[in-house]
Amino acid sequence: MPAPFTLSLQDLAPIAQGTSTQQAMTETVLLAREADRLGYTRLWYAEHHGMPSIASSVPEILIASAAAATTGIRVGSGGVMLLNHAPLRIAEAYRTLAALHPGRIDLGLGRAPGGDGYAMRALKSGSGEEFSSYLAELMAFDEDSFPPDHPFSRVPVSPGGITLPPKWLLGSSGASAQAAGQLGFGYAFAAHFSHTPAAPAFAAYRDAFQPSPDFPEPKTILCLSAICAPTQEEAEFLATSQAVSWALFVTGEQRDLMPPEEAAARVLSPQQQQVIEHQSSLWLVGDPDQLAATITEKAHAAGADEVMITTTIYDYALRRRSFALLANSLGIAPRQD
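Fair warning: this is a prediction, and the values are worked out from it, not measured in the lab. (Residues numbered from 1 in each chain as written. Predicted model: local features only at pLDDT ≥ 70, side-chain atom pairs only at ≥ 80, totals over all residues. Heavy atoms only, no water.)

Visitor: Outline the packing of helix H11 (residues 288–302) against helix H12 (residues 316–329), listing residues and values.
Guide: The geometry of H11 relative to H12 is characterised by a closest axis approach of 9 Å and an angle of 65° between their N-to-C directions. Relative to H12, H11 is oriented roughly perpendicular. As for the relative orientation of H11 and H12, their crossing is right-handed in sense. For the pair formed by H11 and H12, the contact residues are Pro288, Leu291, Ala292 and Ile295 on the first element and Leu325, Leu326 and Ser329 on the second. In terms of residue class, the contact of H11 with H12 is made up of six nonpolar, one polar and no charged. (Axes fitted to C-alpha atoms, helices over the stretch in contact; angles between N-to-C directions. Helix = DSSP H or I, 4+ residues; strand = E, 2+ residues; numbered from the N terminus. Parallel < 35°, antiparallel > 145°, perpendicular 65-115°, else oblique. Left-handed = near helix turned anticlockwise from the far one by under 90°. Contact = heavy atoms within 4.5 Å. Nonpolar A, V, L, I, M, F, W, Y, C, P; charged D, E, K, R; others polar.)

Rendered as structure tokens:
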């Protein structure tokens, strides 16, 4: 029986230890094609900086590559960290993508920096308090709604004759839920790394929702982290790569994603063990039937219209297999050519 929600995925473009950046980039295209074939609704790329194990620093380039290699799946940002960019630059980039791939692009927007304080300074990022003004400026460029006496009213957005694709706000605490509703955006909640319950944020979003051309009705996405394998034992073994890599990252030791054999043998400090214990409740790990039931339960409890899965597995082929197992167990129909 098909799941009562649509299924999507997020790709962080991980760089596995012993592989090259070129191999990681090739894998983004292979995964996009597989997700398209499997019937996933959308594929998003997240903007990250200063992280050696992640190659998704420029989502719009990955979006263009994936959209050109697929035919039906929607492709977008999950998200663009708006404070890292001049709003005009984002308006130009995503109008260009929308013109190249009509009806298949999403623009997800977040306020987080996507990196540490050093990366923020290098990017000359705005402060969190400026997010509302950045967002208002982006919308004014897109809608040509600057007052006549505003200096930016003289700046045409190129390419013209097109508007931005559907816009989503991303959140992990519920703080942006009401704003997403008032603006008539979609709203995605990052339950793959946030311990805050999603249900109150989704309720606040729906209570505040005002219809828009792109979203005549509210639309919510619950983002989850999941690793699926034919057996629980194999899934747990594969998950050691994610657990140990996360513990090392949080404690300041950044490196490429290590194989599970090496991760399982790694001696961790008490602090690193605590990091894993704290975060592991957010990582869904298991066989197809078990994960299908857990994901369905979480989507129902949150009131999600859509579930977006992110998966961190060292072996690229096994990561693609994980997405295939989940799609099959949740009853997602393969996309017909």
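Visitor: Could you give an account of the nonpolar core, naming the residues involved and the relevant values?
Guide: In terms of nonpolar packing, the biggest core is built from 81 residues, with Tyr40, Tyr94, Leu135, Leu138, Tyr187, Ile295 and Ile309 touching the most fellow members. With seven residues, the single largest contributor to this core is helix H5 (residues 131–143). Counting 17 residues, the second largest nonpolar core, distinct from the first, contains Ile227, Ala229, Leu248 and Ala263. (Core = buried A, V, L, I, M, F, W, Y, C linked by side-chain atoms within 4.5 Å. Buried < 20%, exposed > 50% of the residue type's maximum accessible area, 1.4 Å probe, protein only.)

Visitor: Can you explain the side chain of Asp11? Please cite residues and give values.
Guide: Within the secondary structure, Asp11 is located in strand E1 (residues 6–11). Judged by its relative accessible area of 0%, Asp11 is buried. Of the polar contacts made by the side chain of Asp11, one reaches the backbone nitrogen of Ala13; its length is 2.8 Å. Contact partners of Asp11, with chain neighbours within four places excluded, come to Thr28, Leu31, Leu43, Trp44, Tyr45, Ala46, Ser56 and Arg319. (Polar contact = N/O pair within 3.5 Å; in protein donor to acceptor, adjacent residues only side chain to side chain.)

Visitor: Provide a residue-level description of the pattern of salt bridges, including the pertinent values.
Guide: Note that side chains of opposite charge can pair when their charged atoms are close. Overall, the coordinates contain 13 salt bridges when judged by the stated rule. For Arg319, the salt bridge is made with Asp11, and the minimal N-O distance between the two is 3.1 Å. Separated by 308 residues along the polypeptide, Arg319 in helix H12 and Asp11 in strand E1 bring together distant segments of the chain. On the basis of relative accessibility, which here comes to 2%, the residue Arg319 falls in the buried class. For Glu27, the salt bridge goes to Arg320, with nearest N and O atoms at 2.8 Å. Taken together, the positions of Glu27 in helix H1 (residues 21–38) and Arg320 in helix H12 put the pair 293 residues apart, joining distant regions of the chain. Assessed through its relative accessible area of 4%, Glu27 is described here as buried. (Salt bridge = Lys/Arg side-chain N within 4 Å of Asp/Glu carboxyl O.)

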